[in-house]
Amino acid sequence: MTAGLVARAEVTRGAFTLHADLRVAPGEVVAVLGPNGAGKSTLLSAVAGLTPVSAGQILLDGDVLDDASTGAFLDAAHRPVGFVFQSYRLFPHLSVRENVAFSPRARGSSRADARSAADDWLARLGLTELAARRPGDLSGGQAQRVALARALAGGPSLLLLDEPLSALDAGSRLDVQTELKKHLSGFAGACLVVTHDPLEALLLADRLVVLEHGRVVQEGTPAQVARRPATEYVAKLVGLNLYTGTVDGSQVALDGGGTFVVPNHGEHGDVLVALRPSAVVVSPHRPDVSSARNTWSATIVGLTMLTDRVRLDLVGKPSALVDVTPAAVAELGLAPGGEVWLSAKATELEVYGQVPGSRS
Amino acid sequence: MKAMVVKEFRELARDRRTLAMLIVLPLLLLVIFGYAANFYVSSVKAAVVGPQAAQVTAQLPAFFEVTVDAPTDTRADAEKLLQDNTVDVAFVADQTPVLALVDGSNLFAAQSIVGTLNSFGSSVQTEVLYNPDLTTAWVMIPAIIGLILTFIGTIVTSIGLVREREAGTLEQLAVMPIKPSSVILGKIAPYFLLASLDMIIVTVLGMTLFDVPFNGSVAVFALGAALFLFVVLGIGVFISTISRTTGQAIQTAFLVMLPSILLSGMIFPLDAMAPGVRWIGYLLPLTYFVMISQGVMLRGASLVSLWPAFAVLAVMATVVFTAATLRFRRDLAPGERRRAPAAARVDA
């Protein structure tokens, strides 16, 4: 019997089909990342029991939740799942304590036991002082913790979080992220977090699963995914330049034009090449001599001010995103339309195999 | 401004509920006030009892449609016919002048009957039963009880349910360990209790303030009210399943309530409506509750005599409530397409 969540299923909603293939072990936090329409909500809905699978099965701790081949289906009310919605969905006319106590009461606990469980979870999440308040009197972070307490008070084996921090403003998000990470790490069951925010995923998750167009395109630890993104979407999320190409000896012929001299890699055929924006040097003229094996010209088409640097969007063969300091922009007179030369050392390029649905 | 006008027309064209109100409502009012709004009863059902029944029957004008001609029956039998709502007037032809017993619980018919009988002069002695002074309040209060139940059952219930959907807490309930049937019954029970309490208050106030009698069985009245409540609660639940916002729920409930008020016999007598419109009244649950409430409160009518109204309400309650809760259940258990055996363990 495999503990935790095992989802190997197809879920069809209208014209869209999700091909889910993931496992979440007890005590593990897995973040499902993907653009809008990738199938994240469909996945959560299927695991929660709100949408049946059209093929395959979903198991939790060895128990069948849904199996298309046998027709077995455990409805949502009977699944040991705690669900935290994006907008928390606290019952507006119940106090914080009553909201949290609702879960164990719904499972059949007596009023006294439910109240006791609620008080216990409120204490664990630092919410005791808010017990008598109504949801309308809570901040976003407080409401999120109450929703989490309510989900946990029901004693679930699986915790589902749908964009848990998206309803928060940027100012409170970081503090709440840290707290949420602490509470999730103390949860003994499997935890599946759906998000479109890469930072949220990187901070909260032990492992990432990336969904695009209804399929898992990459899976791995945050470090693995950040170092070797498998798709353009993931590369953009983690802030890397990503190129596809074909190995030609010590070079890679890029599909979009241009070539890279790369370090020894042991790959053959089609490959992916990742390059950090901060690893590219910008020069107004072609460098005469340097250790950088890759030099090419490009045209600046855009500048974006980030917190402590400026990101240049350059078109060339290949195109690239490059990070420079604001001082460099000023000194070099970098502006849209300007022609520059880019340099990148071969050792800064990460070359790896281009495998569909790759697992890192 | 032209762009605003065009935008507004486009929005109206896509807002089916508002369109329905703009188109259906005027047509409905036209039909109602054209064909239904009529206080004049053209004929009434009459019984003639007593030894001179044949002579009296022969002399009655066409306004009195004699449906019971029983020479051997007595006044007591005639009163029973009135109590059971079999006839609107009963002539007791065992005395001179002839005694005409009028059912005062059917106000408009009674008024027409009394007016016609007055033209007979001293040859007929008139006695109005159940509502001797033909007081409008005595007839309206039992009907208003039904109206209040309709209001709570449709508008208030549907708003309460839709509000849960708007807040997203309905979806939260769907993923909680509560059976859909428990959610539905748990949501509806308070409205049932509140409506029942409102009904008791209005009934007692009506009796106290307007001296409306309560001549019949409380149990029969309560049974009728309970059946009627299930129907209107079912309608309220159904409205909530086809409404995304409280505004939509109110619009739909209003479209449901308006025909009920105007075509149930509460304001305009059913008998006076054109047949083409009267059938609508017979489809409305309020019509049957009004029959029950007026019958029990004013005439002391029995369950047996009111069985057709009870039967119709029972069928309506079963059909409407079942259909509505099945629809509502879809929101709470959308994935419940297949019935599952107990979760099987799998070595994966």
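Residues numbered from 1 in each chain as written. Chains lettered and ligands numbered in written order. Predicted model: local features only at pLDDT ≥ 70, side-chain atom pairs only at ≥ 80, totals over all residues. Heavy atoms only, no water.

**Student:** Is there a simple way to explain the overall build of chain A in this structure?
**Tutor:** A tally of regular secondary structure across chain A gives nine helices and 22 strands. C-alpha atoms of chain A, sized along the principal axes, occupy 80 × 50 × 35 Å. Of all intrachain contacts in chain A linking residues separated by at least 6 positions in sequence, the fraction that spans at least 24 positions is 64%. Carbon and sulfur atoms make up 51% of the accessible area of chain A, which totals about 15300 Å². Charged side chains of chain A number 32 positive and 37 negative; the gap between the two group centres comes to 4 Å. (Helix = DSSP H or I, 4+ residues; strand = E, 2+ residues; numbered from the N terminus. Contact = heavy atoms within 4.5 Å. Areas by Shrake-Rupley, 256 points an atom, 1.4 Å probe, with all protein chains shown as cover. Lys, Arg positive; Asp, Glu negative; His and termini not counted. Charge placed at Lys NZ, Arg CZ, Asp CG, Glu CD.)

**Student:** Explain the sheet that holds strand β12 (residues 241-248) of chain A to me, please; I cannot follow it from the model alone.
**Tutor:** What holds strands together in a sheet is hydrogen bonding between their backbones, with the strands either parallel or antiparallel. Residues and elements named next belong to chain A. The strand order β14-β13-β12-β15-β21 describes an open sheet built from five strands, whose pairing is antiparallel. With partners counted over all chains shown, the strands left at the sheet margins are β14 (259-261) and β21 (350-353), one partner each. Averaged over all neighbouring strand pairs, the angle between strand axes comes to 40°, with direction disregarded. One ladder, built from three bridges, connects strand β13 (residues 251-254) with β14; its direction is antiparallel. Bridging from a neighbouring strand, A253 pairs with T259 of β14. (Pairing = 2+ DSSP bridges. Axes fitted to C-alpha atoms, helices over the stretch in contact; angles between N-to-C directions.)

**Student:** Explain helix α4 (residues 140-153) of chain A here, please?
**Tutor:** An α-helical segment advances 3.6 residues per turn. Residues three or four places apart therefore align on the same side. Residue and element names in this part refer to chain A. Taking 1.5 Å per residue, 14 residues should reach 20 Å; α4 reaches 20 Å between its end C-alpha atoms and fits that length. Burial analysis of α4 places 13 of its 14 residues in the buried class, which makes it a mostly covered element. Remark: G155 follows α4 within two positions and exhibits a positive phi of approximately 65°. (Expected span 1.5 Å × (residues − 1). Buried < 20%, exposed > 50% of the residue type's maximum accessible area, 1.4 Å probe, protein only.)

**Student:** What is the right way to look at the packing of aromatic side chains in this model?
**Tutor:** Geometry of an aromatic ring pair is reported as the spacing of the ring centres plus the angle between the planes. All names here are of chain A. Applying the stated rule across the entire model yields twelve aromatic pairs over all chains. Ring geometry for Y243 and F260: centres 5.2 Å apart, planes at 75°, overall edge-to-face. Residue Y243 is found in strand β12, and its partner F260 is found in strand β14; the two are separated by 17 residues along the sequence. With respect to burial, Y243 and F260 carry one shared label: buried. (Phe/Tyr/Trp six-rings, centres within 6.5 Å; stacked < 30°, edge-to-face > 60°.)

**Student:** Got a minute to help me understand the domain arrangement of chain B in this structure?
**Tutor:** Residues and elements named next belong to chain B. Split by domain assignment, chain B resolves into domain 1 (44-129) and domain 2 (136-347). Taking only C-alpha atoms, the centre of domain 1 and the centre of domain 2 are 37 Å apart. Each partner contributes residues to the interface: domain 1 has ten residues there, and domain 2 has eleven residues. For the pair domain 1 and domain 2, the summed buried area comes to about 870 Å², and 54% of that belongs to carbon and sulfur atoms. Of all residues in domain 1, Q83, S105 and F108 bury the most surface against domain 2, accounting for 57% of the area lost on that side. The interface formed by domain 1 and domain 2 includes four residue pairs in polar contact (both at pLDDT 80 or more). If you list the elements that add at least two residues to the side of domain 1 that touches domain 2, you get α4 (75-83) and α5 (107-118). Within the side of domain 1 that touches domain 2, the residues separate by chemical class into three nonpolar, five polar and two charged. (Domains from an automatic or database assignment. Buried area = accessible area lost by both parts, 1.4 Å probe. Polar contact = N/O pair within 3.5 Å; in protein donor to acceptor, adjacent residues only side chain to side chain. Nonpolar A, V, L, I, M, F, W, Y, C, P; charged D, E, K, R; others polar.)

**Student:** Would you explain a nonpolar patch on the surface in this entry?
**Tutor:** There is a patch of nonpolar side chains on the surface, built from L194(B), L197(B), I201(B), L205(B), L209(B) and F210(B) and spanning about 580 Å² of accessible area. On the secondary structure map, I201(B) appears in helix α8 (residues 180-210). (Patch = residues over 30% accessible without salt bridge, like charges linked within 9 Å, V, L, I, M, F, W, Y side chains within 5 Å. Salt bridge = Lys/Arg side-chain N within 4 Å of Asp/Glu carboxyl O.)

**Student:** Can you help me understand the confidence of the model for chain B in this one?
**Tutor:** Atom-level detail of predicted coordinates should not be read off regions where pLDDT is low. Mean pLDDT over chain B works out to 87, with 95% of the residues at or above the 70 mark. Model confidence for the complex is summarised by a pTM of 0.76, with the ipTM given as 0.70. (pLDDT = per-residue confidence, 0-100.)

**Student:** Explanation requested: the sheet that holds strand β16 (residues 281-283) of chain A in the structure shown.
**Tutor:** Residue and element names in this part refer to chain A. Strands sit in the order β16-β20-β17-β18-β19 across an open sheet of five strands; the sheet is antiparallel. The strands lining the two open edges of the sheet, one partner per strand, are β16 and β19 (320-324). Sheet twist, expressed as the average angle between the axes of neighbouring strands with direction ignored, equals 45°. Pairing between strand β17 (residues 294-305) and strand β20 (residues 339-344): six bridges, direction antiparallel. Bridged to T295 within β20 is S343.

**Student:** How should helix α9 (residues 218-241) of chain B be read in this particular structure?
**Tutor:** Residues and elements named next belong to chain B. When the terminal C-alpha atoms of α9 are compared, their 34 Å separation across 24 residues agrees well with the 34 Å that a helix rising 1.5 Å per residue should span. The buried fraction of α9 is high, at 17 of 24 residues. Where α9 begins, the side chain of S217 points an oxygen toward the backbone nitrogen of A219, at a separation of 3.2 Å.

**Student:** Would you explain the pattern of salt bridges in this entry?
**Tutor:** Under the counting rule described, the total for this entry stands at 20 salt bridges over all chains. Salt-bridge contacts for R89(A) lead to E171(B); the nearest nitrogen and oxygen are separated by 2.5 Å. Of this pair, R89(A) sits in the loop between β7 (81-84) and α2 (96-106) while E171(B) sits in helix α7 (residues 169-174), on two different chains. Its relative accessible area of 17% is what places R89(A) among the buried residues.

**Student:** Sorry, what's going on with the environment of S305(B) here?
**Tutor:** Residues and elements named next belong to chain B. Locating S305 in the fold gives a position in the loop between α12 (285-299) and α13 (307-332). Judged by relative accessible area, S305 falls into the buried class, the value being 17%. Taking the C-alpha atoms as reference, S305 lies 9.8 Å from I292; in sequence the two are 13 residues apart. A distance of 2.9 Å separates a polar side-chain atom of S305 from the backbone oxygen of S302.

**Student:** Help me understand the nonpolar core, please; the structure alone is not making it clear to me.
**Tutor:** Most often, soluble globular proteins have nonpolar side chains that are buried together. With 101 residues, the main nonpolar core has F64(B), V89(B), F91(B) and L149(B) as its most contacted residues. Ranked by the residues each element gives to this core, the list is headed by helix α6 (residues 136-167) of chain B, at 13 residues. Per-domain counts for this core show at least three residues from each of domain 1 (44-129) and domain 2 (136-347) of chain B. Residues contacting F64(B), with those up to four places away along its chain left out, are V44(B), A46(B), V89(B), F91(B), I113(B), T116(B), L117(B) and F120(B). By size, the runner-up hydrophobic cluster in this structure holds 36 residues, among which are A20(A), V30(A), L43(A) and V53(A). (Core = buried A, V, L, I, M, F, W, Y, C linked by side-chain atoms within 4.5 Å.)

**Student:** What exactly am I supposed to notice about the side chain of T325(B) here?
**Tutor:** Along the polypeptide, T325(B) turns up in helix α13. Apart from residues lying up to four places away in sequence, T325(B) is in contact with I184(B) and V237(B).

**Student:** Could you clarify how one ought to interpret the side chain of T51(A) in this entry?
**Tutor:** All names here are of chain A. Mapped onto the secondary structure, T51 falls in the loop between α1 (40-48) and β4 (55-60). A distance of 3.3 Å separates a polar atom in the side chain of T51 from a polar atom in the side chain of R13. At 2.6 Å, the side chain of T51 forms a polar contact with the side chain of S45.

**Student:** Would you mind showing me how to read the environment of R227(A) here?
**Tutor:** All names here are of chain A. Within the fold, R227 resides in helix α7 (residues 222-227). A C-alpha to C-alpha distance of 8.0 Å links R227 and E350, two positions 123 residues apart in sequence. Excluding residues that lie within four positions of it along the chain, R227 makes contacts with L240, A274 and E350.

**Student:** Please explain the packing of α2(A) against helix α3 (residues 111-124) of chain A as it appears in this structure.
**Tutor:** Two numbers describe a pair of packed helices, the interaxial angle and the distance between the axes. All names here are of chain A. At their nearest, the axes of α2 and α3 sit 8 Å apart, and the two run at 120° to each other. One way to sum up the angle between α2 and α3 is to call them oblique. Helix-helix and strand crossings are classified by hand; for α2 and α3 the assignment is right-handed. Of the residues in α3, those in contact with V96, R97, V100, A101, P104 and R105 of α2 are R111, A114, R115, A117, A118, D119, W121 and L122. Of the residues that constitute the contact of α2 with α3, the class distribution is nine nonpolar, no polar and five charged. (Parallel < 35°, antiparallel > 145°, perpendicular 65-115°, else oblique. Left-handed = near helix turned anticlockwise from the far one by under 90°.)

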